[in-house]
Amino acid sequence: HMYSSIWSSYVGYHTITQKVSVSLGEKILPTIELRAQEAALDEIIVRGQRSGKATALNQQRNARNIISVVSADAIGDFPDQNAAESLQRLPGISIERDQGEGRFVGIRGIDPNLNSVTINGLNIPSPEAGVRSVALDVIPSELIQTLEVSKTISADMDADAVGGAINVKSISAFDRT
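For clarity, every value in this text was computed on a predicted model and none was experimentally measured.

Asks: I would appreciate a short explanation of the overall build of the protein in the present structure.
Replies: Within the protein one finds three helices and nine strands. Listing the helices and strands of the protein from first to last along the sequence gives β-β-α-β-α-α-β-β-β-β-β-β. Relative to the 2.2 N^0.38 estimate, which gives 16 Å for 177 residues, the radius of gyration of the protein is 28 Å and therefore markedly larger than a compact globule would have. In terms of overall dimensions, the protein has C-alpha extents of about 90 × 35 × 25 Å along its principal axes. Within the protein, the fraction of its 177 residues that count as buried is 31%.

Asks: It is not clear to me how the side chain of Thr146 should be interpreted in this structure. Could you clarify?
Replies: With respect to the element layout, Thr146 can be found in strand β8 (residues 144-150). Apart from the residues within four sequence positions on either side, Thr146 is in contact with Val69, Val70, Ser71, Asn167, Val168 and Lys169.

Asks: Would you mind going over the pairing of strand β4 (residues 93-98) with me for this structure?
Replies: Side chains on a regular strand alternate between the two faces of the sheet. Note: β4 against strand β5 (residues 101-107), six bridges, orientation antiparallel. The residue bridging Ser94 from the neighbouring strand is Gly106, located in β5. Connecting β4 to the next strand, β5, in antiparallel fashion are two residues, including Gln99 with a positive phi near 55 degrees.

Asks: In this structure, what is going on with the sheet that holds β8? I would like to understand it.
Replies: Strands in a sheet are paired, the pairing made by backbone hydrogen bonds, and the direction either parallel or antiparallel. Strand order across the open sheet formed by five strands is β3-β8-β9-β6-β7, with mixed pairing between neighbours. Edge positions in the sheet fall to β3 (67-71) and β7 (122-123), since each of these pairs with one other strand and no more.

Asks: What's the story with the nonpolar core in this structure? I'm lost.
Replies: In a soluble, globular protein the nonpolar side chains are often hidden away together inside. Among the nonpolar cores identified, the biggest contains 19 residues, and Leu87, Val105, Leu136, Leu147 and Ile166 are the most heavily contacted of them. Going through the elements one at a time, α3 (83-87), β4, β5, β8 and β9 (164-170) are the ones with two or more residues in this core. Beyond its immediate sequence surroundings of up to four residues, Ile166 is in contact with Leu87, Val105, Ile107, Ser116, Val117, Thr118, Leu136, Glu148 and Val149.

Asks: Is there a simple way to explain the environment of Pro140 in this structure?
Replies: With respect to the element layout, Pro140 can be found in the loop between β7 and β8. Exposure remark for Pro140: the relative accessible area of 29% places this residue in the partly exposed category. For the pair Pro140 and Met157, spaced 17 residues apart in sequence, the C-alpha separation works out to 26 Å. Sequence-distant contacts of Pro140, defined by excluding residues within four places in its chain, comprise Gln81 and Asn82.

Asks: For this particular structure, what's the right way to read the side chain of Ser86?
Replies: Following the sequence through the fold, Ser86 ends up in helix α3. Residue Ser86 is classed as buried on the basis of its relative accessible area of 2%. In this view, Ser86 contacts Val70, Ile75, Asp80, Ser141 and Leu147; residues no more than four positions away in its chain are not counted.

Asks: Just to check I follow, could you spell out the pairing of β3 for this structure?
Replies: In terms of burial, β3 is largely enclosed, as five of its five residues are buried. With burial as the criterion, each face of β3 is covered, one bearing Ile67, Val69 and Ser71 and the other bearing Ser68 and Val70. The pairing of β3 with β8 spans five bridges and is classified as antiparallel. Residue pairing in the sheet places Ser68 in a bridge with Val149 of β8.

Asks: Any chance you could explain the environment of Gly106 here in plain terms?
Replies: When you line up the elements, Gly106 lands in strand β5. With relative accessibility at 5%, the residue Gly106 sits in the buried group. Through-space distance from the C-alpha of Gly106 to that of Ser133 is 9.4 Å; in sequence the pair is 27 residues apart. Apart from the residues lying within four places of it in its own chain, the contact partners of Gly106 are Gly92, Ile93, Ser94, Pro112 and Asn115.

Rules and cut-offs
- Residues numbered from 1 in each chain as written.
- Predicted model: local features only at pLDDT ≥ 70, side-chain atom pairs only at ≥ 80, totals over all residues.
- Heavy atoms only, no water.
- Helix = DSSP H or I, 4+ residues; strand = E, 2+ residues; numbered from the N terminus.
- Rg over C-alpha atoms; globule rule 2.2 N^0.38 Å.
- Buried < 20%, exposed > 50% of the residue type's maximum accessible area, 1.4 Å probe, protein only.
- Contact = heavy atoms within 4.5 Å.
- Pairing = 2+ DSSP bridges.
- Core = buried A, V, L, I, M, F, W, Y, C linked by side-chain atoms within 4.5 Å.

Structure follows, in structure tokens:
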């Protein structure tokens, strides 16, 4: 007789080691029964899509000026690849496409050169010489928490936007607590 060990493992199951006795020339078919590991969870947090959209609507309603807000939940409802394409779904917003992908954003029909763009409240300069418009195709939609478009500029905002101001709020780990 010859003794051997069979070892098997599978994700989510306990690892099993089983000893097998085999005689010379004998064929065996060992039966291995895997036992599932018990998942120990402290808590499960469930967030609905409706709460993100309701927050965006309340933000619009409580603003001192005319704004439109797109939440991450609303962005996830569509196959938008970048921030410009996510903004095209708002009223009064148009986008300019470059090679089929949304790139520049116009507010209320005004040229993208006359809009300002901020990320988390910090002004973003144009990466191209001679133009003011910021290409929003470099910001993936997966990294956006909310997109805020101010269609009217209030006194507390910078006066560098004739058309309006776009603020991209990125996802933060602190938003997920």
